[in-house]
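The residues making up each chain are set out below.
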Amino acid sequence: MSVQLHRTIQTFASSIIRKPKCSLIDKNKKLNELSKLGQTDEARKLFDKMPERDEFTWTTMVAAYANRGRLVEARQVFQEVPTKSSITWSSLICGYCKHGFEIEGFELFWQMQSEGHMPSQFTLGSILRMCAIKGLLSRGEQIHGYAIKTCFDMNVFVMTGLIDMYAKSKRVLEAECIFQIMSHGKNHVTWTAMINGYSQNGDALRAIQCFSSMRAEGIEANQYTFPGVLSSCAALSDIRFGMQVHGCIVNGGFEANVFVQSSLIDMYCKCEDLHSAKKALKQMEINHAVSWNSMILGYVRNGLPVEALSLFKKMHASDMEVDEFTYPSVLNSLACMQDTKNGICLHCLVVKTGYESYKLVSNALIDMYAKQEDLACAINVFNSMVEKDVISWTSLVTGCAHNGFYEEALKLFYEMRMAETKPDQIIIASVLSSCSELALLKLGQQVHADFIKSGLEASLSVDNSLMTMYANCGCLEDAKKVFNSMQMHNVISWTALIVAYAQNGKGKESLRFYDEMIASGIEPDFITFIGLLFACSHTGLVDDGKKYFASMKKDYGIRPSPDHYACMIDLLGRAGKIQEAEKLVNEMDIEPDATVWKALLAACRVHGNTDLAEKASMALFQLEPQDAVPYVMLSNIYSAAGKWENAAKLRRKMNLKGLNKEPGYSWIEMNGVVHTFISEERSHTKSDEIYSKLEDVIALIKEAGYVADTNFSLHDINEEGRERSLSYHSEKLAISFGLLYVPKGVPIRIYKNLRVCGDCHNAMKFVSRVFDRHIILRDSNCFHHFKEGICSCGDYW
DNA sequence: CTAGGGTTAG
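Predicted, not measured: the structure shown is a model, and the values here were computed from it. (Residues numbered from 1 in each chain as written. Chains lettered and ligands numbered in written order. Predicted model: local features only at pLDDT ≥ 70, side-chain atom pairs only at ≥ 80, totals over all residues. Heavy atoms only, no water.)

Engineer: Quick one: what's the story with the UniProt feature "repeat: PPR" (unreviewed entry) in chain A, residue by residue and with numbers?
Structural biologist: As recorded in UniProt, the feature "repeat: PPR" (unreviewed entry) lies at residues 54-84, 85-119, 187-221, 288-322, 389-423 and 490-524. A distance of 10 Å separates the end C-alpha atoms of residues 187-221, which is 74% helix and 0% strand. Counting secondary structure, residues 490-524 comes out at 74% helix and 0% strand; the distance between its end C-alpha atoms is 10 Å. (UniProt positions renumbered as here; feature names shortened; annotations may be inferred. Helix = DSSP H or I, 4+ residues; strand = E, 2+ residues; numbered from the N terminus.)

Engineer: Describe the environment of S329, listing the residues and the values that go with them.
Structural biologist: Here S329 is to be found in helix α19 (residues 326-337). Excluding its chain neighbours within four sequence positions, the residues that come into contact with S329 are N293, I296, L297 and V300. (Contact = heavy atoms within 4.5 Å.)

Engineer: With reference to specific residues and values, describe the environment of S465.
Structural biologist: Structurally, the position occupied by S465 is in helix α27 (residues 460-472). The exposure class assigned to S465 is buried, which follows from its relative accessible area of 12%. Note: C-alpha distance between S465 and Q626 (161 residues apart in sequence) is 33 Å. When sequence neighbours within four positions are dropped, the list of residues in contact with S465 reads A429 and L432. (Buried < 20%, exposed > 50% of the residue type's maximum accessible area, 1.4 Å probe, protein only.)

Engineer: Describe the sheet that holds strand β3 (residues 748-752), naming the residues involved and giving the relevant values.
Structural biologist: As summarised here, the arrangement of the six strands in space is β2-β1-β3-β4-β5-β6, forming an open sheet in which the pairing is mixed. With one partner strand each, in any of the chains shown, β2 (673-678) and β6 (790-791) form the two edges of the open sheet. (Pairing = 2+ DSSP bridges.)

Engineer: Go over the domain arrangement of chain A with me, naming the residues and quoting the values.
Structural biologist: Annotation of chain A at the domain level lists domain 1 (561-661) and domain 2 (676-791). Inter-centroid distance (C-alpha atoms) of domain 1 to domain 2 is 27 Å. (Domains from an automatic or database assignment.)

Engineer: Explain a positive patch on the surface to me, and be specific about the residues and the numbers.
Structural biologist: Taken together, K649, R652, K653 and K657 make up a surface patch of like positive charges. With respect to the helices, strands and loops of the structure, R652 is situated in helix α38 (residues 644-656). You can call R652 exposed: its relative accessible area is 52%. (Patch = residues over 30% accessible without salt bridge, like charges linked within 9 Å, V, L, I, M, F, W, Y side chains within 5 Å. Areas by Shrake-Rupley, 256 points an atom, 1.4 Å probe, with all protein chains shown as cover. Salt bridge = Lys/Arg side-chain N within 4 Å of Asp/Glu carboxyl O. Lys, Arg positive; Asp, Glu negative; His and termini not counted. Charge placed at Lys NZ, Arg CZ, Asp CG, Glu CD.)

Engineer: Go over the nonpolar core with me, naming the residues and quoting the values.
Structural biologist: Counting residues in hydrophobic clusters, the biggest one holds 221 residues, and the most contacted among them are F226, V245, M295, Y327 and I427. Here the element with the most residues in this core is helix α35 (residues 594-607); it accounts for nine residues. For M295, the residues in contact, after removing those within four places along its chain, are I265, C269, L274, A277, K278, L281 and L311. V697, Y728, M764 and C793 belong to the second-largest nonpolar core, a separate cluster that totals 33 residues. (Core = buried A, V, L, I, M, F, W, Y, C linked by side-chain atoms within 4.5 Å.)

Engineer: An account of the packing of α27 against helix α29 (residues 491-503) is needed here, citing residue identities and associated values.
Structural biologist: Contact geometry for α27 and α29: axes closest at 9 Å, N-to-C directions at 5°. The angle between α27 and α29 places the two elements in the roughly parallel class. Residues L460, N464, M467, T468, A471 and N472 of α27 form the contact with α29, whose own contacting residues are I492, S493, A496, L497, A500 and Q503. Split by residue class, the contact of α27 with α29 holds seven nonpolar, five polar and no charged. (Axes fitted to C-alpha atoms, helices over the stretch in contact; angles between N-to-C directions. Parallel < 35°, antiparallel > 145°, perpendicular 65-115°, else oblique. Nonpolar A, V, L, I, M, F, W, Y, C, P; charged D, E, K, R; others polar.)

Engineer: Pulling in residues and values, what's your account of the protein's contact with DNA strand B?
Structural biologist: Taken together, 47 residues lie near DNA strand B, and R129, K168, N222, F259 and V290 sit nearest. Sugar and phosphate atoms constitute 40% of the interface atoms of DNA strand B, taking the interface as everything within 4 Å of the protein. A distance of 3.0 Å is found between a base nitrogen of DNA strand B and a side-chain nitrogen or oxygen belonging to N187. One nitrogen or oxygen atom from the side chain of H288 is found 3.2 Å from a base nitrogen belonging to DNA strand B. Broken down by class, the residue content of the surface near DNA strand B amounts to 16 nonpolar, 20 polar and eleven charged. (Near = heavy atom within 4 Å. Polar contact = N/O pair within 3.5 Å; in protein donor to acceptor, adjacent residues only side chain to side chain.)

Below, the structure written as structure tokens:
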């Protein structure tokens with residue numbers, strides 16, 4: 001038979017055998033196409049017109065409705081299906097699962113079995129996917145059990161679904177277990193599920209290792225694999241691996257995928273390579289909001305708010321789609337720039353475009369206004385929110401604290417707890433630092449307890465703030481306990497410990513901790529050195545101080561700031577090396593600021609150097625003309641030197657300028673009530689009792705050898721009057737109250753807003769011995785632990 | 001009827 005003839009017969013044969021069937025196949029094909037395109041109503045029209053329908057026709061129509069979420073219609077068609085198969089059931093179930101209808105999905109799953117149809121890998125796959133997305137762990141476990149019973153536990157589809165379900169439910173170990181059981185037969189989707197499982201559960205290193213193994217086994221990655229790998233590179237700041245992945249992406253031809261592109265941009269931004277990120281953004285053919293969002297956020301995070309704003313302007317001008325992720329980054333950049341004008345403009349735009357109702361956006365608005373110190377606006381946005389979350393509260397709480405309204409911050413936290421919003425680590429850390437600022441030990445302990453009860457995981461920032469809170473309340477032991485309980489310490493933890501010991505009069509321990517810190521491989525930062533210099537200064541370790549001061553620049557490249565200089569001047573001043581302190585000020589390679597001059601002035605006070613004091617004061621009068629402190633200090637130095645006339649003249653000048661000294665006051669917290677005392681004041685309800693107790697106290701300590709030091713009296717009056725005013729200092733009123741009302745054996749905790757006066761300091765030492773009490777006095781500079789006539793500060797403060 | 005994905009505020 002010739003070839004020609006053979007072909008003719010074949011064509012003829014197929015024309016008679018297949019022709020009628022072909023039209024059904026073609027129509028089914030068309031129906032499926034319309035369904036995939038989402039043209040469900042067109043599909044229905046075609047379906048209705050079809051004179052002949054087979055199983056595929058019916059199933060496609062059910063799926064067309066089910067996939068678009070039109071489940072009522074899907075079920076109607078389903079019920080009309082003449083002969084249902086496992087596939088028909090799966091199509092319907094898949095629709096319910098895709099749209100999150102958990103109850104209906106499971107009902108149909110059991111129903112199909114009772115009607116004699118075996119679920120397939122597709123049925124289980126759909127249900128597992130729903131469990132994964134909705135985090136239905138126990139439902140997923142049920143399916144896992146079912147899969148084992150029905151021998152589906154060797155099926156790649158089902159196993160992959162299980163891995164994804166466990167990983168999305170934060171059960172990485174279970175996911176890993178299934179992954180390892182599947183020694184062979186893992187496909188690229190299985191690998192991708194595992195990689196993303198690691199990456200989404202914060203195990204970036206394993207994600208990357210898994211990706212490497214995948215490639216080693218010769219499995220090709222695709223557009224679904226790369227984003228997870230790239231975000232892991234970003235989390236580890238591993239730009240070298242990231243660039244290799246970029247190479248794979250180019251090789252595989254996946255560059256054009258928007259998901260891949262945006263994760264590339266994000267990776268480069270997080271690795272601080274803005275140049276490469278920008279290049280990736282430029283190469284995009286279609287501009288996609290997510291990629292632009294990543295780039296804008298990258299600019300903000302890398303401290304380039306101006307670039308972030310200009311990118312947003314471009315985005316806005318080009319009619320690009322802007323979403324709820326765009327605004328927070330831009331608002332954040334305006335917060336960084338303190339750009340209040342554009343802040344308001346952007347707020348207007350948010351309102352105009354209807355994005356105010358997005359929590360993400362409103363929270364960013366609160367944060368921006370708070371950072372721009374416009375608490376009223378922040379509160380306005382907060383109050384306008386229908387549904388607040390913990391971040392809304394945190395933004396406001398931190399905003400208050402940032403503006404120095406610590407009490408308001410604490411009240412807000414209380415309100416939040418009353419509203420039964422669960423706290424998280426960040427708000428706890430923020431609230432603890434407000435407790436710390438106000439030295440509210442009881443409240444701080446309650447927040448600590450609240451945190452433990454919450455069952456939240458420990459976090460570095462919470463532990464670090466707990467340490468600071470306890471240290472700031474004079475509870476050194478508790479601060480150390482927290483430190484010891486921590487699994488990891490960063491430079492902030494160590495610095496907190498160093499500062500805690502330094503301000504509580506244990507500077508030598510601070511220096512020991514510094515050595516331990518270095519030994520553990522953690523590098524100090526500029527705050528660590530402030531702690532160290534503070535420790536040296538309060539312990540009188542001049543040589544060590546000089547050594548650290550030199551080391552910070554030499555060994556760690558940290559340029560001393562005015563604060564470091566101030567510590568050094570303080571250190572030299574206390575040690576009586578006034579000339580050296582003056583020399584250091586003159587040698588500074590930066591302009592000395594007010595803190596530096598104040599340190600010098602304080603040094604002059606201790607050593608009665610009026611000439612240098614005048615010089616320092618002059619500088620301060622220039623730098624901070626509205627500050628009363630230098631006037632008071634200089635006047636005190638004059639008084640101490642017996643130069644009453646100069647002192648009086650200065651006081652008059654101060655009054656003429658309308659400057660008022662911050663009044664000194666002391667307080668004691670008892671049973672949640674703060675008892676405040678002001679020198680010579682009698683507003684306390686137990687005032688009579690307190691003053692009469694004070695008479696007894698003075699008499700008793702005098703017997704033990706206390707002599708009033710009238711140098712600390714500021715009044716230009718006779719000796720007896722000066723002594724009298726001295727005995728009514730706020731610290732002394734507070735200690736009398738403490739002796740009356742704080743039970744024996746419990747430390748008396750006194751707080752003072754200014755530095756403790758020298759005479760009061762001396763008196764406290766006697767009180768601690770005569771009355772056998774532990775007195776903890778926190779002044780504006782450090783803690784004084786008085787015990788058995790000795791103070792922990794070693795009389796340096 | 002076919003599993004898997006990026007940006008996420010303090």
